[in-house]
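Reading the structure
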Amino acid sequence: MHGAGSTIICTNGLTKVFGRHKAVDGLNLRLRKGEIYGFLGRNGAGKTTTIRMMLGLVRPTEGHVEIMGERVKPGGTRTLRHLGTLVETPGFYPNLSVYDNLEVQRRLMGLKRPAAIDEAIELTGLGRERGRKAGTLSTGTRQRLGLARALLHKPEILVLDEPTNGLDPAGIKEVRLLLRRLVDETGTTIFMSSHILTEVEQLVTRLGIISRGRLLEEIDYEELRARSRAYLELQVSDTGAAVRILGERFRVRDLTVQEDGKIRVFECLDRAGEVNTALVSSEIMVSRLVFNEESLEDHFMKLTQEDYHVQSASRRGP
Amino acid sequence: MFRALHAEVLKLKASPMLWISAVGISFAPFLNAIVCATTASRGTPWTWERFTEQNVNLIALLLGTMLFGLLACYVFGREFVEGTAKHVFTLPLTRTAMVLAKFAVLFVWSMALGVVAFASSLPLGWIAGLGRLSTTVAAKALSDHLYVAILVYLAMPLTSLVALVGRGYLPPMVFAAFATLAGVVAMNSSKYVFIVPWSIPGAMVFGVKRGLVRWGNPLVVLALTFIAGVMLNIVYVETAQVDT
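Anyway, here's the lowdown on the structure attached to this text. (Residues numbered from 1 in each chain as written. Chains lettered and ligands numbered in written order. Predicted model: local features only at pLDDT ≥ 70, side-chain atom pairs only at ≥ 80, totals over all residues. Heavy atoms only, no water.)

Next up on the list: the overall build of chain A. Each helix and strand counted, chain A has 10 helices and 15 strands in total. A principal-axis box enclosing the C-alpha atoms of chain A has dimensions of 75 × 50 × 35 Å. Each of the 318 residues in chain A was classed as buried or not, and the buried ones make up 51%. Here the analysis covers contacts within chain A between residues at least 6 apart in sequence; of these, 69% occur between residues at least 24 apart. Carbon and sulfur atoms make up 48% of the accessible area of chain A, which totals about 14,700 Å². Taken together, the 47 basic and 42 acidic charged side chains of chain A have centroids lying 7 Å from each other. (Helix = DSSP H or I, 4+ residues; strand = E, 2+ residues; numbered from the N terminus. Buried < 20%, exposed > 50% of the residue type's maximum accessible area, 1.4 Å probe, protein only. Contact = heavy atoms within 4.5 Å. Areas by Shrake-Rupley, 256 points an atom, 1.4 Å probe, with all protein chains shown as cover. Lys, Arg positive; Asp, Glu negative; His and termini not counted. Charge placed at Lys NZ, Arg CZ, Asp CG, Glu CD.)

So this is what it looks like as structure tokens:
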């Protein structure tokens, strides 16, 4: 039995090497029943390769994937019945209509009810396109059709690789609401990869951040929010002088200077007025002073940049 | 298996390849009708038997391997070309069933093309001035067309394997052209007929009749080629990775 909160997908030391390139490196993921897991990473981080290994499309070099306690093997079918999948840009039979493409899926899945197609079409808002040939559909509509196909048999787990690729903002919002509804109404578990942070931020309950094939962090979204740090952001005419004044007069040690020259101060948040006065009296022009919170984007950038620096340093050697 | 077969049939709905293949196979009687009309005007008229024989020879020697190869590369290669492989391989259906369903569809399609070749030869033969066709000759002509379609079909698994390994249309098409050429060359020597499967349909309908080849052995080679070819297709698909 797989009750709420139990591990439904896990990867153990999952590794994939293509020639000399390690695309995925010892990945240990845990996906729990009923959660929406956001798998975040830059382009080329190893998201799609991980998903392909999960689905048995690619054989791991090392490690393995388990879905509902059963090991995934390329060509194996036992675990696949629980899944609805969308891998990258979905492919369809261009000579067939939207309806017929779903009919192919219905037949392959052995579903008895033809009404399942109408339900999937309605759910994904494809009503007007049902008779259109798949070869004539826009990228966004193809993405919807991919979702309709993944949802057709009402799977327990949805594995979606960049599900909002090619969708306009309204379409992205619709997909987000649709996925949220699926989780709320049917308890569907969702594993979705993305490189669009705002999309993930508004949907997921748990996050995995991958960079260069390695899982940098796996965290509950609520925990991340609780951990998010507030800061003062300053834009000044002389960054170096401002940092010196902050250190000398306010004993500030916890600050960062961004690439665009902005200073983020994580201490003295209640002394913003004094900081402003001190800088101005030292003839440093303050063009911006705002109170902010570290966003998922900040967190993501920090993690992946740190990883980049660590990797670069280890390549250079001692 | 039945689910996969059902889906394979639906995949061909409204496919332009259905018409392209029908027009392609009709090219044999069309070409022969021109030759027939030309020779008749020189005072050496053909009979329906000769017309049928020429159609079957043309399909067995040249047209069949190329055209049926095109069907094989469409049925097997399209999952990669149209990007559906990464989806169908994640369905709870064995990959072996998918391969067998494709071979079943290819068989029915090949038989249908045999019928189309026969059916299109009727008006073309009549236009070429062949006159009345008896039921006996018509029945023999139909069975000859179906026979050659089966023979050419049996040599197809290697082309479908190239479509799978090459993951597209171009490699199997080049291979089908090569197979056609190799078949024609090997036909000239009964020694090589046995090692070039694509020459066997020609050998069977052309060489056996003229006593150049013994009936039994090439058929055994062709059957073994088919069985081994299908097994190679299954092994490849069962172990294939979809990483692009």
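Our focus in this paragraph is the interface of chain B and chain A. In this complex, chain B contributes 34 residues to the contact, which on the side of chain A involves 33 residues. At the boundary of chain B with chain A, total buried surface from both sides reaches about 2,900 Å², with 56% on carbon and sulfur atoms. On inspection of chain B and its partner chain A, the count reaches one salt bridge. In this structure, Lys13(B) engages Asp100(A) in a salt bridge whose closest nitrogen and oxygen atoms are separated by 2.8 Å. The tally of links between chain B and chain A comes to 19 residue pairs in polar contact (both at pLDDT 80 or more). Going through the elements one at a time, helix H1 (2-11), helix H4 (48-81), helix H5 (85-88) and helix H12 (216-239) of chain B are the ones with two or more residues in the side of chain B that touches chain A. Ranked by residue count, the leading element in the side of chain B that touches chain A is H1(B), at six residues. (Buried area = accessible area lost by both parts, 1.4 Å probe. Salt bridge = Lys/Arg side-chain N within 4 Å of Asp/Glu carboxyl O. Polar contact = N/O pair within 3.5 Å; in protein donor to acceptor, adjacent residues only side chain to side chain.)

This part is about the side chain of Glu162(A). Residues and elements named next belong to chain A. Mapping Glu162 onto the fold places it in the loop between strand E8 (157-161) and helix H5 (169-186). A residue is classified by how much of its surface remains accessible, and Glu162, at 9% relative accessible area, is buried. When residues no more than four places from it in sequence are discounted, the contact partners of Glu162 are Lys47, Gln143, Ser193, Ser194 and His195.

Residue and element names in this part refer to chain A. Spatially, six strands are ordered E7-E8-E9-E4-E10-E11 in an open sheet, and the strand pairing comes out mixed. The strands lining the two open edges of the sheet, one partner per strand, are strand E7 (83-86) and strand E11 (214-220). Sheet twist, expressed as the mean angle between neighbouring strand axes with direction ignored, is 15 degrees. Relative to the sheet, helix H1 (residues 47-54) contacts strand E4 (36-41), E8, strand E9 (189-194) and strand E10 (206-211), its axis offset from that of E9 by approximately 145 degrees. (Pairing = 2+ DSSP bridges. Axes fitted to C-alpha atoms, helices over the stretch in contact; angles between N-to-C directions.)

All right, on to the packing of aromatic side chains then. Residues and elements named next belong to chain B. Taken as a whole and assessed by the stated rule, the structure comprises 13 aromatic pairs over all chains. Look at Phe103 and Phe226: their rings are 6.1 Å apart centre to centre, the planes differ by 80 degrees, and that puts the pair in the edge-to-face class. You can see Phe103 sitting in helix H6 (residues 95-127) and its partner Phe226 sitting in helix H12, a full 123 residues away along the chain. Here the aromatic residues Phe76, Phe103, Phe107, Tyr153 and Phe226 are joined through ring pairs into a cluster of three or more. Taking the ring centre of Phe89 as reference, the NZ or CZ of Arg95 above it sits at 4.4 Å. (Phe/Tyr/Trp six-rings, centres within 6.5 Å; stacked < 30°, edge-to-face > 60°. Lys NZ or Arg CZ within 6 Å of the ring centre and 35° of its normal.)

Glancing now at the pairing of E10(A). Successive residues of a regular strand alternate their side chains across the two faces of the sheet. Residues and elements named next belong to chain A. The element E10 is largely enclosed, with a buried count of six among its six residues. Going residue by residue along E10, you find Arg206, Gly208 and Ile210 tucked away on one face and Leu207, Ile209 and Ser211 tucked away on the opposite face as well. By the bridge criterion, five bridges tie E4 to E10 in an arrangement that is parallel. Looking across to E10, one finds that Gly41 is bridged to Ile210. Of the pairings in the sheet, the one linking E10 to E11 comprises six bridges and is antiparallel in character. Across the sheet, residue Ile210 finds its bridge partner in E11, namely Leu215. Hairpin remark: E10 followed by E11, antiparallel, with two residues in the connecting loop; positive phi at Arg212, about 50 degrees.

Now for the sheet that holds strand E12 (residues 230-236) of chain A. All names here are of chain A. A sheet is described by the order of its strands in space; here four strands give the open sequence E13-E14-E12-E15, paired in antiparallel fashion. Only two strands of the sheet have a single neighbouring strand rather than two, namely strand E13 (255-257) and strand E15 (286-293). Taken pair by pair, the neighbouring strands of this sheet meet at an average axis angle of 20 degrees, ignoring direction. In the sheet, E12 pairs with E15 via seven bridges, with the strands oriented antiparallel. Pairing of Ala230 across the sheet is with Glu293, part of E15. Strands in contact with helix H8 (residues 239-250) are E12, E13 and strand E14 (263-265); relative to E14, the strand with the most contacts, it is inclined by about 15 degrees. Sitting on the sheet, helix H9 (residues 272-281) is in contact with E12 and E15, with an inclination near 155 degrees to E15.

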